[in-house]
Amino acid sequence: MVRKVLFDCDTGGDDATAMCLGVASRDIEVLGVSACMGNLELRQTLRNALHLMEFLGREDIPVAKGSEKPLVRELWVGDKNERPLPIPGLEKLKKQPHQLDAVEFMAKVLRESDTKVDLIPLAPLTNIAKLMMFHPDLVREKVGNIVLMGGAMYFGNVTAAAELNFYADPEAAKCVFNFGMPIVMVGLEVCEKAYLCYDDLEKIKAAGTKPAEAFYNIVKQSLDTYGSRYAEANGEKARVYMYDSITVVYLLHPEIFTTVKAKVRVEANSSICDGMTVCDTREYGVDPAEKTTTVVLDCDREKYVQLVAEILKEAK
Ligand code: RIB
Ligand code: CA
């Protein structure tokens, strides 16, 4: 069965690696991409998504412009510097954003699809929260799986408590988890287990396709720039985390992951914990019907690397 998928991204290198997998996989049909601010400002995340689709020869995949700011807060972004993707062709970029904004674009795709569509949110949940607020029935009727990157069970990365995507817009994350649909939450724990090293690069390059080339360039640049920072912190060889890529591998191969069911709520009213995901896995004291989130905690790293290479090879 081919899964229909919508990506919502703050592209960003690791968002791009997720989309490379989605475009490459013969089991996924990418119906569109929406851009959101997050790690970078919207103008950059939009441009990077357009550039990636053009580089991959997938000008047919629409890219829609989404939220420039969080739902209610002042704008916060991880990095205000120029962050183009390490792939050629930016100076010749022709692809333009879709005429509809992200929310109406996603609603149109859902409305027109005769089967369910999976959502893969990889950014602050601003666009997704608006989709749920403006089109709740459509989302309940037409969205299949929601496999998102964000949050964590035990720690944060922007603060001790909060992961970046949820820190950037806690109200949006709160709204999405309170909506009540089942969610797969790829949090920081599993992302740090599924690290990539220089040793893995040859396998990725050997896939020999356009998505593999982009994936390789992104991981190589990231290793050269940040690899030793993580290595020093871990006392290990250079490594990086392609957080967002894990969502696609999970969607296709959940069997390589370890998960736990939880009732997840997001803190949005605290001076030190805003954006924190409180994951209630207790056996007693929480209604099992409210444990609607599958928190992904661990994975078989070797299989993750092998599957990444295999999926990248499937591209036409
Ligand atoms: O915390 C990691 C997340 O923040 C990833 O989605 C990354 O792309 C950034 O958005
Ligand atoms: Ca992201």
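First things first, this report covers the structure right here in the doc. Along each chain, numbering runs from 1 in the same order as the chain's sequence is written. All chains are assigned letters beginning at A, and all ligands numbers beginning at 1, according to the order in which they are written. Two thresholds apply to this predicted model, a pLDDT of at least 70 for residue-level local features and 80 or more for giving and counting side-chain atom pairs, whereas whole-chain, interface and lining totals are computed over all residues. The basis for every side-chain value is the complete set of non-hydrogen atoms in the structure, without hydrogens or water.

Some points on the nonpolar core
So, point 1. Counting residues in each nonpolar core, the largest one holds 74 residues, and the members touching the most others are Phe 7, Val 33, Leu 52, Phe 215, Phe 257, Tyr 304 and Leu 312.
So, point 2. Helix and strand assignments come from DSSP, with helices taken as H or I runs of at least 4 residues and strands as E runs of at least 2, each series counted from the N terminus. Here this core takes eight residues from helix α10 (residues 210-234), the largest share from any one element.
So, point 3. Residues contacting Tyr 304, with those up to four places away along its chain left out, are Ala 194, Leu 196, Met 242, Ser 245, Ile 246, Val 249, Ile 256 and Cys 299.
So, point 4. To form a nonpolar core, buried Ala, Val, Leu, Ile, Met, Phe, Trp, Tyr and Cys residues must be joined to one another through side-chain atoms within 4.5 Å. Three labels apply to residues, based on accessible area from a 1.4 Å probe with only protein chains included: buried if under 20% of the type maximum, exposed if over 50%, partly exposed otherwise in between. Among the nonpolar cores identified, the runner-up in size contains 38 residues, and Leu 110, Ala 129, Leu 131 and Met 185 belong to it. Contacts are assigned to residue pairs that have any heavy atoms within 4.5 Å of one another.

Re the layout of surface pockets
So, point 1. Put plainly, a pocket is an open set of points on a 1 Å grid over the protein atoms alone with protein on both sides within 12 Å along at least five of seven lines, a cavity is a set where a 1.4 Å probe fits but cannot get out, and a lining residue has an atom within 4 Å of a point. Grid points are joined across faces, edges and corners, and a volume is the space filled by probe spheres set on the points. By volume, the largest pocket amounts to about 950 Å³.
So, point 2. Every residue lining the largest pocket is counted, 36 residues in all, and those nearest its centre are Gly 13, Asp 14, Asn 39, Tyr 226 and Tyr 243.
So, point 3. Mapped by element, the contributors of at least two residues to the lining of the largest pocket are α1 (13-24), α6 (164-168), α10 and β8 (240-241).
So, point 4. Here the lining of the largest pocket is composed, by residue class, of 17 nonpolar, ten polar and nine charged.
So, point 5. The space that makes up the second largest pocket amounts to roughly 280 Å³.
So, point 6. Contributing to the lining of the second largest pocket are 16 residues, with Val 23, Ala 24, Arg 58, Ala 315 and Lys 316 lying nearest its centre.
So, point 7. Elements with a minimum of two residues in the lining of the second largest pocket: α1, β2 (28-35) and α10.
So, point 8. Looking at the lining of the second largest pocket, its residues break down into seven nonpolar, three polar and six charged. Residues are grouped as follows: nonpolar covers Ala, Val, Leu, Ile, Met, Phe, Trp, Tyr, Cys and Pro; charged covers Asp, Glu, Lys and Arg; every other residue, Gly included, is treated as polar.

Details of the packing of aromatic side chains
So, point 1. Two aromatic rings, drawn from Phe, Tyr or Trp (for Trp, its six-membered ring), form a pair once their centres lie within 6.5 Å of each other, and the interplanar angle then sorts them: stacked below 30 degrees, edge-to-face above 60, tilted otherwise. For the structure on display, the rule yields five aromatic pairs.
So, point 2. With a centroid separation of 5.8 Å and an interplanar angle of 75°, the aromatic rings of Phe 166 and Phe 177 are classed as edge-to-face. A residue pair is termed long-range when its members are at least 10 positions apart, and Phe 166 in helix α6 and Phe 177 in helix α7 (residues 170-178) qualify at eleven residues. Both residues of the pair, Phe 166 and Phe 177, count as buried.
So, point 3. Seen in terms of ring centroids, Tyr 241 and Tyr 243 are 5.9 Å apart; in terms of plane orientation they differ by 65°. Their pairing is edge-to-face. Neither residue differs from the other here; Tyr 241 and Tyr 243 are each classed as buried.
So, point 4. Taken together, Tyr 230, Tyr 241 and Tyr 243 form an aromatic cluster joined through their ring pairs.
So, point 5. A ring is scored as having a charge over it whenever the NZ atom of a lysine or the CZ atom of an arginine sits within 6 Å of its centre and within 35 degrees of its normal. Just above the ring of Phe 179 sits the side chain of Arg 140; from NZ or CZ to the centre is 4.1 Å.
So, point 6. We note Lys 210 situated over the ring of Phe 55; from NZ or CZ to the ring centre the distance is 4.1 Å.

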